[in-house]
Amino acid sequence: MSDTMKEYIAEAEKDLLHTYNRYQIVLDKGDGVYLYDIGGKKYLDFVAGIAVFALGYQNKAYNDALKAQIDKVIHTSNYYYNVPAIEAARKIKKVSGMDRVFFTNSGAEAVEGAIKAARKYAYLKDGCTDHEIIAMNHSFHGRTMGALSVTGNPKYREAFQPMIGHIKFADLNNFQSVLDQVTDKTCAIIMETVQGEGGLYPATEEFLNQVRDLCDERDILLILDEIQCGMGRTGYMYAWQRFGVKPDIMTSAKALGCGVPVGAFMMTEKVAQHSLTAGDHGTTYGGNPLACAAVEKVLDLFEEDHIIEHVREVAPYLEQRLNELAEKYDCIQERRGVGLMQGLVFDHPVGDIINRALEKGLILINAGADIIRFVPPLVITRENVDEMIAILDTCIE
Ligand SMILES: Cc1ncc(COP(=O)(O)O)c(C=O)c1O
């Protein structure tokens with residue numbers, strides 16, 4: 001490692017709050033599916049900023065749209081209308097099939113908004129303030145207090161108790177475990193359509209349908225968190241569209257802005273008419289012109305560049321090549337995931353493999369201690385998959 005890189009890392013460790021055990025590289029720029037550190041070393045990126053940079057780095061149309069918006073106006077306030085927010089809302093409604101959108105600054109904030117909307121919906125029905133939400137074990141919804149409260153990983157929650165109240169946990173794909181938690185007070189069931197952080201577990205079609213039917217019978221709101229698995233990653237704009245099980249409220253973020261911090265929670269008209277109203281929720285930055293110019297352009301480019309069709313074409317090849325690795329090595333127990341959201345499950349911690357890959361110019365990330373997660377830019381080619389597999393193979397060996 002160069003002296004300059006060492007100095008930067010030492011400074012970062014002195015100045016930044018140590019909430020991440022960072023990999024020992026300082027990144028400088030990106031181009032397509034490659035990143036470069038400040039020493040000029042090139043890395044094939046199979047992380048994309050954790051499922052964010054779907055279109056690849058230095059996408060000219062995207063960069064130009066942002067630059068043009070910067071030269072007009074970056075921020076106004078939600079007390080005034082702005083054209084990028086109106087256009088972004090129209091476009092995200094079209095691809096999601098939802099009726100109303102609220103733009104946030106992050107994924108966690110989108111989850112917060114979804115929880116508030118669900119609680120308000122229930123409150124307007126009976127005036128009570130003791131409604132319950134059922135969330136899933138092993139889920140991940142973010143680090144703010146509300147999002148953390150529905151995150152099914154006790155390790156993340158423990159030191160920050162008490163959480164927001166009346167949250168219960170069930171098991172993904174185990175409908176009986178959901179039934180066991182339902183009461184007259186249940187106002188919402190929240191889950192990721194495909195669990196990311198928790199180990200690349202997709203919700204099954206049967207489970208989603210069972211939960212949807214239960215929600216319809218008892219006027220419970222189904223909240224699907226599509227922050228990681230949405231935006232084309234599974235070969236559908238939103239992962240729930242694979243089975244057509246539509247939520248009442250859904251969240252989106254990460255690839256929604258392709259790097260500009262923006263998220264959204266969306267809902268059906270029915271929920272919108274009976275939940276949040278003026279004064280109930282707000283944000284200074286959320287939905288500002290720059291963020292919404294990013295959303296607008298990302299959604300345009302998804303259509304123009306046929307991103308979803310591309311994912312459907314390249315994802316089976318990634319699956320096939322990962323399956324080959326899983327067959328070759330006894331230490332790999334399983335490949336699982338959907339589309340370009342895949343995991344290789346090892347019988348031991350994967351930290352060493354990821355560090356070795358980094359040395360060899362490949363950026364990977366884990367999901368839990370024993371799983372390597374693959375969430376590359378959606379524009380990767382078969383050649384990029386081959387390049388990744390070749391490096392990973394030598395690292396496992
Ligand atoms: C499914 C899911 N929900 C919510 C979040 C939180 O998003 P953010 O980090 O933008 O707050 C994440 C982040 O990894 C996520 O994967």
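Our subject is the structure listed above.
All of the points below concern the structure found in this document. Since we're looking at a predicted model, the values are computed, not measured. (Residues numbered from 1 in each chain as written. Predicted model: local features only at pLDDT ≥ 70, side-chain atom pairs only at ≥ 80, totals over all residues. Heavy atoms only, no water.)

### Details of the packing of aromatic side chains
Note the cut-off: Whether two aromatic rings pair depends on their centres lying within 6.5 Å, for rings of Phe, Tyr and Trp, where Trp uses its six-membered ring; planes under 30 degrees apart make the pair stacked, over 60 edge-to-face, and the rest tilted. Only Lys NZ and Arg CZ are tested; either one counts as a charge over a ring when it is within 6 Å of the ring centre and within 35 degrees of the ring normal.
The final tally for this structure, using the stated rule, is 4 aromatic pairs. Geometrically, the ring pair formed by phenylalanine 53 and tyrosine 57 is tilted, given 4.6 Å between the ring centres and 35° between the ring planes. Judged by centre distance (6.2 Å) and plane angle (80°), the ring pair of phenylalanine 53 and tyrosine 62 falls under edge-to-face. An aromatic cluster of three or more residues is present, and its members are Phe53, Tyr57 and Tyr62. Cation over ring: lysine 42 sits above tyrosine 34, and NZ or CZ is 4.2 Å from the ring centre.

### Regarding the site of the ligand
The test is simple: A cutoff of 4 Å decides nearness: a residue is near a molecule or strand if any of its heavy atoms lies inside that distance of it. What qualifies as a polar contact is a pair of N or O atoms within 3.5 Å, subject to a donor-acceptor requirement within protein and to the restriction that residues adjacent in sequence count only when both atoms come from side chains. Methods summary: accessible areas were calculated by the Shrake-Rupley approach with a probe of 1.4 Å, and residue burial reflects only the protein chains presented.
Around the ligand, the surrounding shell consists of Ser106, Gly107, Ala108, Phe140, His141, Gly142, Glu192, Asp225, Ile227, Gln228 and Lys254. Take aspartate 225: an N or O atom from its side chain is 2.7 Å from a nitrogen atom of the ligand. Between the ligand and the protein, one listed contact pairs an oxygen atom with a side-chain N or O atom of lysine 254 at 3.2 Å. Protein chains bury 81% of the 390 Å² of accessible surface belonging to the ligand in isolation.

### Section: the state of the cysteines
Spelled out, the test is: Throughout, disulfides are identified as pairs of cysteine sulfur atoms within 2.5 Å of each other. Whether a residue is buried, partly exposed or exposed follows from its accessible area with a 1.4 Å probe, protein chains only, as a fraction of its type maximum: under 20%, in between, or over 50%, in that order.
By the definition in use, this model includes 0 disulfides. With no disulfide of its own, cysteine 331 lies closest to cysteine 395 among cysteine sulfurs, the gap being 12 Å. Accessibility expressed as a relative area gives 19% for cysteine 331, which makes it buried.

### Considerations on the side chain of serine 139
Basically, it comes down to this: Every helix listed is a DSSP run of H or I at least four residues long, and every strand listed is a run of E at least two residues long, numbered separately from the N terminus. Residue contacts are counted whenever heavy atoms from the two residues lie within 4.5 Å of one another.
Here serine 139 lies in the loop between strand 5 (132–136) and helix 6 (145–149). The class for serine 139 is buried, based on a relative accessible area of 2%. A polar contact is formed between the side chain of serine 139 and the backbone oxygen of valine 150, at a distance of 3.1 Å. If we ignore the near neighbours within four places in the chain, the residues touching serine 139 are Val150, Thr151, Gly152, Asn153, Glu192 and Gln195.

### Re the sheet that holds strand 6 (residues 167–170)
Formally: Note on pairing: two strands pair once DSSP finds at least 2 bridges between them. Here, axes are lines fitted to C-alpha atoms. For helices the fit covers the stretch in contact, and angles between N-to-C directions go from 0 to 180 degrees.
Taken in spatial order, the 7 strands line up as 4-12-11-10-7-5-6 in an open sheet, and their pairing is mixed. Edge positions in the sheet fall to strand 4 (100–104) and strand 6, since each of these pairs with one other strand and no more. The sheet shows a mean angle of 20° between the axes of neighbouring strands, direction not considered. As paired elements, strand 5 and strand 7 (residues 186–192) share 3 bridges and run parallel to each other. Counterpart to glutamate 132 in the pairing with strand 7 is threonine 186. Against the sheet, helix 4 (residues 83–96) engages strand 4, strand 11 (249–252) and strand 12 (263–267), with an angle of about 120° to strand 4. With respect to the sheet, helix 9 (residues 205–218) is in contact with strand 5, strand 7 and strand 10 (221–225), its orientation differing from that of strand 7 by roughly 160°.

### Considerations on the side chain of serine 275
For serine 275, the position within the fold is in the loop between helix 10 (269–273) and helix 11 (289–304). Among the polar contacts made by the side chain of serine 275, one reaches the main-chain carbonyl oxygen of valine 271 at a distance of 2.7 Å. For serine 275, the contacting residues outside a window of four places in its chain are Ala117, Lys120, Tyr121, Leu124, Met267 and Asp280.

### Looking at the packing of helix 4 against helix 11
What counts, and what does not: To sort the angles, those under 35 degrees are grouped as roughly parallel, those over 145 as roughly antiparallel, those from 65 to 115 as roughly perpendicular, and the leftovers as oblique. Left-handed describes a crossing whose near helix is turned anticlockwise from the far helix by less than a right angle; the clockwise case is right-handed. Classes in brief: Ala, Val, Leu, Ile, Met, Phe, Trp, Tyr, Cys and Pro nonpolar; Asp, Glu, Lys and Arg charged; the others, Gly included, polar.
Running from amino to carboxyl end, helix 4 crosses helix 11 at an angle of 40°, the nearest separation of the two axes being 8 Å. With respect to helix 11, the axis of helix 4 lies oblique. Crossing of helix 4 over helix 11 shows left-handed handedness. Contact residues: helix 4 offers Pro84, Ala85, Glu87, Ala88, Lys91, Ile92, Lys94 and Val95, while helix 11 offers Pro289, Cys292, Ala293, Val295, Glu296, Leu299, Asp300 and Glu303. By residue class, the composition of the contact of helix 4 with helix 11 is 10 nonpolar, no polar and 6 charged.

### Quick notes on the environment of asparagine 59
When you line up the elements, asparagine 59 lands in the loop between helix 2 (48–51) and helix 3 (60–72). Ignoring anything within four residues of it in the chain, the contact list for asparagine 59 reads Leu301 and Asp305. A distance of 3.1 Å separates a polar side-chain atom of asparagine 59 from the backbone nitrogen of tyrosine 62.

### Observations regarding helix 13 (residues 351–359)
Quick reminder of the rule: The arc in question is formed by the directions pointing from the helix axis toward the C-beta atoms.
By the burial criterion, the buried members of helix 13 are Ile353, Ile354, Ala357 and Leu358. Along helix 13, the residues classed as buried sweep out an arc of 140° about the axis, all on the same side. Counted as exposed and oriented over 90 degrees from the buried face of helix 13: Asp352 and Glu359. Against strand 3 (42–45), strand 14 (341–346), strand 15 (362–363), strand 16 (365–366), strand 17 (371–374) and helix 14 (382–396) lie the buried residues of helix 13. Within two residues after helix 13, glycine 361 carries a phi angle of roughly 85°, on the positive side.

### Regarding the pattern of salt bridges
The following threshold applies: Any carboxyl oxygen of Asp or Glu that lies within 4 Å of a side-chain nitrogen of Lys or Arg is treated as forming a salt bridge with it.
With the rule as written, the count across this model stands at 22 salt bridges. Note that glutamate 319 and arginine 335 form a salt bridge whose closest N and O atoms lie 3.7 Å from each other. With glutamate 319 in helix 12 (residues 307–328) and arginine 335 in strand 13 (residues 332–338), this pair connects stretches of sequence that are 16 residues apart. Overall, glutamate 319 belongs to the partly exposed group, its relative accessible area being 24%. The closest approach of N and O atoms between glutamate 334 and arginine 336, which form a salt bridge, is 3.0 Å.

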